[in-house]
Amino acid sequence: MSWQAPKAPRGMPDILPDDVPRWRRLEDTARDLLERYGYREIRTPLLESTDLFARGIGEVTDIVEKEMFSLAVGSKDRPESLSLRPEFTASVVRALLEHNLHRKKPFWKLYSIGALFRYERPQAGRQRQFHQINGEALGSYDPLLDVEMIDLADQILRRLGVEDYRLRLNSLGCAGCRGRYREVLRDFLRPRLAEMCETCKGRFDRNVFRILDCKSPTDKAIVASVPPMEQHLCDPCRAHFDAVKAGLDRLEIAYQVDPQLVRGFDYYTRTVFEFPCARLGAQDAVGGGGRYDRLIPDMGGPEAGAVGFAFGMERLLLALEPKPAAAGASDADARTGVPVAPDGAARGGVFVAAFPETRAVASAVLAELRRGAVPADLDYEGRSLKAAMRVADREGYAFVAIVGEDEAREGSVTLKDMRAGTQARVARGDLVSAVRGVKAGG
Ligand code: HAM
């Protein structure tokens, strides 16, 4: 019985070889900058205990209420619920505390790059499996750290060449400010609640802050006139926010204070920020983050402040897509400027061409080349010598090494330089250096 053509799960697209160079460039750029700013990589598991996310991110958040991929495992007596990670922050804090990293030194800068999972309705820029570049600086309350983090995020965007983005900034204050502001918000919204969407009616009691970033046009209009949080900050929170703004001004990083920016996690305190990009559609945030001064102590660690950010890699790539008018043929990828070999092949290597009788010898030649660190390949599709030469040309190989019967007998190959159009007989023992010599010379 044959299968119906299987498909990847909805919202979990494959990343095909032609796309991988763009992904690599994102990763390389981000790693380079993160490490320049003092971050070290940490890799946490794809699955964590469901409880970690429920408590870390907050029970009354969209992610925990309806977007987690959770699985029940274990035995009847010892049931366990694990969830695919919907973000990195909770996992990084868990790892910090579990391995007592904070006891080794109180301040850490950690980054992660990888896949995350949220059961959302897929649309442009929103997937169920997506990827983030994530940074966390743990163990400091310094507002200059918030500034440094925003600067780092901004530098990543600049270095990648993302255009048309802005920076939204807000302060959510501390638990005290939030408690007071919650009542201000409720008093303001209560008389208008009947006009608001059903979701917001539910949010009113459970998490009134989330009403601030509701997308419904009626609710947006109501929310536009709520008294801003900034006016309700306590003195230390106001001083922190002022220091962040002054720091950004010093670095000439433009921002807009946006009282509607609340973000979808309960752990945030004080600074929150987001980078919307006009190149994207409804899901326009390429990244965002903020300070979370309660998460480490709430998870059983010491009193310690922290701040972090994450970029969505799919959204960065969407933001980097060329405007339609800019499309044009070039051997550099128009989106990223990364040179792309025709059909993605290893440019500059050696294609080994042989006859059916000499293929066994050719496979030894191939191994010798690879052991000599030369990218090389052999035809596995039963092509004639002529057809193999055409493939080598099309895929951008610098050389073809022909293993004919004479060559096989005398332990040599005929090396054809595809650019120069010249060819010469070369002893197998000299092949690697011959190829390298020509490459080094030109
Ligand atoms: P977040 O805003 O949920 O923050 O995600 C950061 C970025 O990930 C978003 O701006 C977006 O670009 C991308 N993203 C989120 N969900 C999806 C999705 N379903 N499909 C495609 N891209 C998506 C966080 O995750 C926080 N943990 C960031 C942070 C780190 N805060 C402090 N430290």
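Bear in mind the structure is a predicted one, so any value in this text is a computation, not a measurement.

A. Up close: the overall build of the protein. Secondary structure assignment for the protein yields 16 helices and 16 strands. Its C-alpha atoms give the protein a radius of gyration of 28 Å, more than 25% over the compact-globule value 22 Å for 442 residues. In the protein, buried positions account for 50% of the 442 residues. Within the protein, contacts between residues at least 6 apart in sequence are counted, and of these 68% link residues at least 24 apart. One way to put it: in the protein the 65 positive side-chain charges average out to a point 1 Å from where the 64 negative ones average out.

B. Region of the structure containing the site of the ligand. The local shell around the ligand holds 27 residues, among which Glu87, Glu120, Gln127, Tyr268 and Ala285 are the closest. In this structure, Tyr268 approaches the ligand through a side-chain N or O atom, which is 2.6 Å from a nitrogen atom. For the ligand, an oxygen atom lies 3.3 Å from a polar atom in the backbone of Gly312. Surface burial for the ligand is 96%, taken as the share of its 660 Å² of free accessible area covered by protein chains. Elements with a minimum of two residues in the shell around the ligand: β6 (129-138), β10 (285-291) and β11 (306-312). A total of six residues in the shell around the ligand trace back to one element, the largest contributor, which is β10. When the residues that make up the shell around the ligand are grouped by side-chain class, the tally is nine nonpolar, 11 polar and seven charged.

C. Local environment of the pairing of strand β5 (residues 108-117). Burial within β5 is extensive, with 10 of its 10 residues counted as buried. Note that β5 and β6 share 10 bridges and pair antiparallel. Each residue of the ladder has a partner; that of Leu110, found in β6, is Glu136.

D. Inspection of the domain arrangement of the protein at higher detail. Each domain of the protein was delimited in the assignment, giving domain 1 (20-174 + 234-319) and domain 2 (334-441). Distance from the C-alpha centre of domain 1 to the C-alpha centre of domain 2: 47 Å.

E. Quick look at the sheet that holds strand β7 (residues 168-171). Here we have eight strands laid out as an open sheet, ordered β1-β5-β6-β11-β10-β9-β7-β8, and mixed in their pairing. Of all strands in the sheet, those with a lone pairing partner are β1 (40-41) and β8 (256-257), marking the two edges. By the bridge criterion, five bridges tie β10 to β11 in an arrangement that is antiparallel. Residue Gly289 lies in a different strand from β11, and its bridge partner there is Phe309. Where helix α6 (residues 143-160) meets the sheet, it contacts β5, β6, β7, β9 (269-276), β10 and β11, and its direction lies at approximately 15° from that of β11.

Calculation notes
- Residues numbered from 1 in each chain as written.
- Predicted model: local features only at pLDDT ≥ 70, side-chain atom pairs only at ≥ 80, totals over all residues.
- Heavy atoms only, no water.
- Helix = DSSP H or I, 4+ residues; strand = E, 2+ residues; numbered from the N terminus.
- Rg over C-alpha atoms; globule rule 2.2 N^0.38 Å.
- Buried < 20%, exposed > 50% of the residue type's maximum accessible area, 1.4 Å probe, protein only.
- Contact = heavy atoms within 4.5 Å.
- Lys, Arg positive; Asp, Glu negative; His and termini not counted.
- Charge placed at Lys NZ, Arg CZ, Asp CG, Glu CD.
- Near = heavy atom within 4 Å.
- Polar contact = N/O pair within 3.5 Å; in protein donor to acceptor, adjacent residues only side chain to side chain.
- Areas by Shrake-Rupley, 256 points an atom, 1.4 Å probe, with all protein chains shown as cover.
- Nonpolar A, V, L, I, M, F, W, Y, C, P; charged D, E, K, R; others polar.
- Pairing = 2+ DSSP bridges.
- Domains from an automatic or database assignment.
- Axes fitted to C-alpha atoms, helices over the stretch in contact; angles between N-to-C directions.

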